[in-house]
Amino acid sequence: KSSKREWKPLEDHSCTDVPWLLLFIIFCIGMGFICGYSIATGAAARLLSGYDSYGNICGQKNAKVEGIVNSGLDLTHKKYVFFLDPCNVDLVHQKIKSLALCVSACPRKELKTLADVQKFAETNGSTLCSYELQPSEYTTDPRAAKLCPKYPVPESAPIPFFHRCAPVNISCYAKFAEALITFVSDSSVLHRLISGVMTSKEIIMGLCLLSLVLSMILMVIIRYISRVLVWILTILVILGSLGGTGVLWWLYAKQRASASAVETQIAKDNLQALLIYAISATVFTVILFLIMLIMRKRVALTIALFHVAGKVFIHLPLLVFQPFWTFFALIIFWAYWITVLLFLGTTGNPVPNEEGFVEFRMVGPLKYMWWYHMVGLIWISEFILACQQMTVAGAVVTYYFTREKRNLPFTPILASVNRLICYHLGTVAKGSFIITLVKIPRMILMYIHTQLKGKENACARCMLKACICCLWCLEKCLTYLNQNAYTATAINSTNFCTSAKDAFVILVENALRVAAINTVGDFMLFLGKVLIVCSTGLAGIMLLNYQRDYTIWVLPLIIVCLFAFLVAHCFLSIYEMVVDVLFLCFAIDTKYNDGSPGKEFYMDKVLMEFVENSRKSMKEAGRGGGAEGRELKPM
């Protein structure tokens, strides 16, 4: 019954979900309190200037810590943190497990003996051993074995802005990297992979830029050839997948034929990688052909909607730049969040640990600020993404329900942003909070699954994975419903729950159309992503092939393809939003209007032709009357 409520597009605007906006503002004030508290307790100074194992902040005078020797020192002239054993990384707690000291200068060359350490202290005035040892005692005092750095002392340089001495050669962190990359059993493989990335970094950057350019070009092309876009993408993907697979098998056969009796390890790795790539590409191509064969009859059904979406981008060119603004806002927030996270890592009261050194720990209720900060990461990130969805929905709704396109606002995007800020921030805050409520349990279960990996039985592992999968599916369904709720809010200016209910009723009444749009339409956009990834990957294969004799290009190619897919997804997701908003507007238009005087359609001529053709075909099939006669064919 609620679906019969009169829809009055863009007639009046009112503030929606104001209590949720107030709640979101209070939450953001709490986030600001965490930042202010961490700065006020000296965490910012400890993070930026660094501190030693005795609780002294480098580069300033310090207060005495009760029960800790060597605390309360005046280290005004010692501005850098130096670790006696910088390569001793604690993988569990993710920190350097070494005595830290404040020094006046980092060793800019390798020091191989204690005599070199002593000479460095006498020459540069920078003592690299613990404070209780004088430079003259470095080679004579038996305590020097524990209180002086492990030699050879690697060449190091200060990290900009953070005043930590870091080894110039990062090879000592190889064990840490190997522990993170569990599929690497041989450290030499990891070193060859890293060297391949470093050797090909210019090519990687160029190919990433190419993927960005290709995504922009595809968005521009969509504006002008939307009517034939579906068939063009289908043909290009067929040619691209066949061409890519053929090139991989050709390169594999060529390298195998030219392989000499004495092969280098790099050549063997590249040959094996080519074989894996060629087999994977063949399987992918076969699966892709089967899917396209099954869906070939439904491809034509989305052409009308894609054509109108192309017109939307012609009238609203700023839509193309929406991913940039959203990405920029997310980067700024994530940078702030990581900075405060680092502050929290050094905030709290000085407490002696079991080794007699100082650690800073929060006590009481303040120790739960980590959880508050983590919830803030999810909620505010989802809020920014939801603002993008509401902005796009508002602009497309304005376009659809404006009969004379000459009367469109000068910049519908800015008009939509203005309506969002003035009326609908509370709705966006509520919708993003619902997604946050689903994400948090899923992340907790994923963390538990990671911590118990190899310890739980098969039944517990299966239940955990099933719960994670169910929460993931629920999150995707709610995200889709939220997007349609934002569209309903942009049309009627109703609160989130009313908009979600109305949008859900419309979607259920048009279930067949929704299925067709979300399968065929999304698959076409997926083909666009595949086209960009295949084009970038093919260019990468041709360029990296010239380096096959002296570098491994397995990892560089994977990095390039992942980045290309991410960029393509960011741009084509905007097109997907436009198609979904247009479909809901079309469904509302056909439900409450029939083309008669006083109930004229708002839709574009292309969609109107589709409606007329559908009515004619239904009359010819003898389904012109009754409830079924009012239901149009699935789009």
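With an unreviewed UniProt entry as reference, the protein chain is termed Choline transporter-like protein, source organism Tinamus guttatus. A UniProt comment under Sequence similarities (unreviewed entry) is attached to the protein chain, and it reads "Belongs to the CTL (choline transporter-like) family." Under Function (unreviewed entry), UniProt gives the following word-for-word description of the protein chain: "Choline transporter."

A. Looking closely at helix α14 (residues 458-492). Between its first and last C-alpha, α14 extends 51 Å over 35 residues, near the 51 Å set by a 1.5 Å rise per residue. One or two residues past the end of α14 sits S493, with phi positive at roughly 60°.

B. Main features of the side chain of R419. Turning to its location among the elements, R419 is positioned in helix α13 (residues 412-451). We classify R419 as buried; its relative accessible area is 14%. With residues up to four places along the chain from it excluded, the contact list for R419 reads H13, G394, A395, T398 and H424.

C. Local environment of the pattern of salt bridges. Under the counting rule described, the total for this entry stands at 5 salt bridges. Here E475 and K439 are joined by a salt bridge, their closest N and O atoms 2.9 Å apart. Highlighted residues: E475 in helix α14 and K439 in helix α13, separated in sequence by 36 residues. Take E475 and K439: they sit in the same class, and that class is buried. Here E475 makes a salt bridge to R442, at a shortest N to O gap of 3.0 Å. Here E475, found in helix α14, pairs with R442, found in helix α13; they are 33 residues apart in sequence, far enough to count as distant.

D. Looking closely at the environment of L385. By secondary structure assignment, the location of L385 is in helix α12 (residues 369-400). Residues L385 and S432, 47 residues apart in the sequence, show an inter-C-alpha distance of 8.4 Å. If we skip the residues at most four places from it in the chain, L385 touches T326 and L330.

E. Main features of unusual backbone geometry. For D17, which is not glycine, the phi dihedral falls at a positive 55°. For D17, the location among the structural elements is in the segment before α1 (18-40).

F. Local environment of the packing of α1 against helix α11 (residues 322-345). At their nearest, the axes of α1 and α11 sit 9 Å apart, and the two run at 45° to each other. The angle between α1 and α11 places the two elements in the oblique class. For α1 against α11, the interelement crossing comes out left-handed. Note on element contacts: α11 touches α1 through F333, Y336, W337, V340, F343 and L344, opposite M31, G32, I34, C35, S38 and I39.

G. Structural view of α11. Over its 24 residues, α11 runs 34 Å from end to end, which matches the ideal 34 Å to within 8%, given 1.5 Å per residue. Among the residues of α11, those classed as buried are Q322, P323, T326, L330, F333, W337, V340, F343 and L344.

H. Seen up close, the packing of α12 against α13. One can describe the packing of α12 onto α13 by two numbers: an axis separation of 5 Å at closest approach and a directional angle of 140°. Judged on the interaxial angle alone, α13 and α12 are oblique. Like other packed secondary-structure pairs, α12 and α13 cross with a definite hand, here right-handed. Its residues assigned to classes, the contact of α12 with α13 comprises 19 nonpolar, 8 polar and 3 charged.

I. Structural context of a nonpolar patch on the surface. Side chains of L48, I159, F161, F162, I338 and L342 sit close together on the surface and give an oily, nonpolar patch of about 550 Å² of accessible area. One can find F161 in the loop between β5 (156-158) and β6 (165-167). On the basis of relative accessibility, which here comes to 70%, the residue F161 falls in the exposed class.

J. Highlighting the pairing of strand β4 (residues 100-103). What you see with β4 is no split at all: A100 and C102 on one side and L101 and V103 on the other are buried throughout. Taken together, the 4 bridges between strand β1 (residues 80-83) and β4 define a ladder with antiparallel strand orientation. Considered in β4, the bridge of F83 is made with A100.

K. Structural context of the state of the cysteines. Applying the stated criterion across every chain, the model contains 3 disulfides. In this model, C106 is linked to C165 through a disulfide, with the two sulfur atoms separated by 1.9 Å. With the S-S dihedral at roughly -80°, the linkage between C106 and C165 falls on the left-handed side. Of the two residues, C106 sits in the loop between β4 and α3 (114-124) while C165 sits in strand β6, which places them 59 residues apart along the sequence. Using a relative accessible area of 6% as the deciding quantity, one classes C106 as buried. On the basis of relative accessible area, C165 is assigned to the buried category, the value being 6%.

L. View of the nonpolar core. By size, the foremost hydrophobic cluster in this structure holds 60 residues, and its most contacted members are V312, F313, L319, Y400, V578, L582 and L607. The greatest single-element share of this core, amounting to 18 residues, is contributed by helix α17 (residues 554-592). In this structure, I68, L101, L114 and L128 belong to the second largest nonpolar core, which totals 32 residues.

M. Up close: the packing of aromatic side chains. Considering all chains together, one arrives at 15 aromatic pairs under this definition. Relative to W379, the ring of F24 has its centre 5.2 Å away and its plane inclined at 75°; by these criteria the two rings are edge-to-face. Here W379 lies in helix α12 and F24 lies in helix α1, a separation of 355 residues in the sequence. W379 matches F24 in its accessibility class, with the two residues each being buried. Seen in terms of ring centroids, W249 and Y252 are 6.1 Å apart; in terms of plane orientation they differ by 85°. Their pairing is edge-to-face. Highlighted residues: W249 and Y252, both in helix α8 (residues 226-257), separated by 3 residues, approximately one helical turn.

N. Focus on the environment of L111. Tracing the backbone through its elements, the reader meets L111 in the loop between β4 and α3. Of the residues examined, L111 reaches a relative accessible area of 3% and is grouped as buried. Separated by 39 residues in sequence, L111 and K150 place their C-alpha atoms 9.9 Å apart. Beyond its immediate stretch of four places on either side in the chain, L111 contacts D116, V117, F120, L128, Y151, P152 and V153.

Calculation criteria
Residues numbered from 1 in each chain as written. Predicted model: local features only at pLDDT ≥ 70, side-chain atom pairs only at ≥ 80, totals over all residues. Heavy atoms only, no water. UniProt positions renumbered as here; feature names shortened; annotations may be inferred. Helix = DSSP H or I, 4+ residues; strand = E, 2+ residues; numbered from the N terminus. Expected span 1.5 Å × (residues − 1). Buried < 20%, exposed > 50% of the residue type's maximum accessible area, 1.4 Å probe, protein only. Contact = heavy atoms within 4.5 Å. Salt bridge = Lys/Arg side-chain N within 4 Å of Asp/Glu carboxyl O. Axes fitted to C-alpha atoms, helices over the stretch in contact; angles between N-to-C directions. Parallel < 35°, antiparallel > 145°, perpendicular 65-115°, else oblique. Left-handed = near helix turned anticlockwise from the far one by under 90°. Nonpolar A, V, L, I, M, F, W, Y, C, P; charged D, E, K, R; others polar. Patch = residues over 30% accessible without salt bridge, like charges linked within 9 Å, V, L, I, M, F, W, Y side chains within 5 Å. Areas by Shrake-Rupley, 256 points an atom, 1.4 Å probe, with all protein chains shown as cover. Pairing = 2+ DSSP bridges. Disulfide = S-S within 2.5 Å. Core = buried A, V, L, I, M, F, W, Y, C linked by side-chain atoms within 4.5 Å. Phe/Tyr/Trp six-rings, centres within 6.5 Å; stacked < 30°, edge-to-face > 60°.

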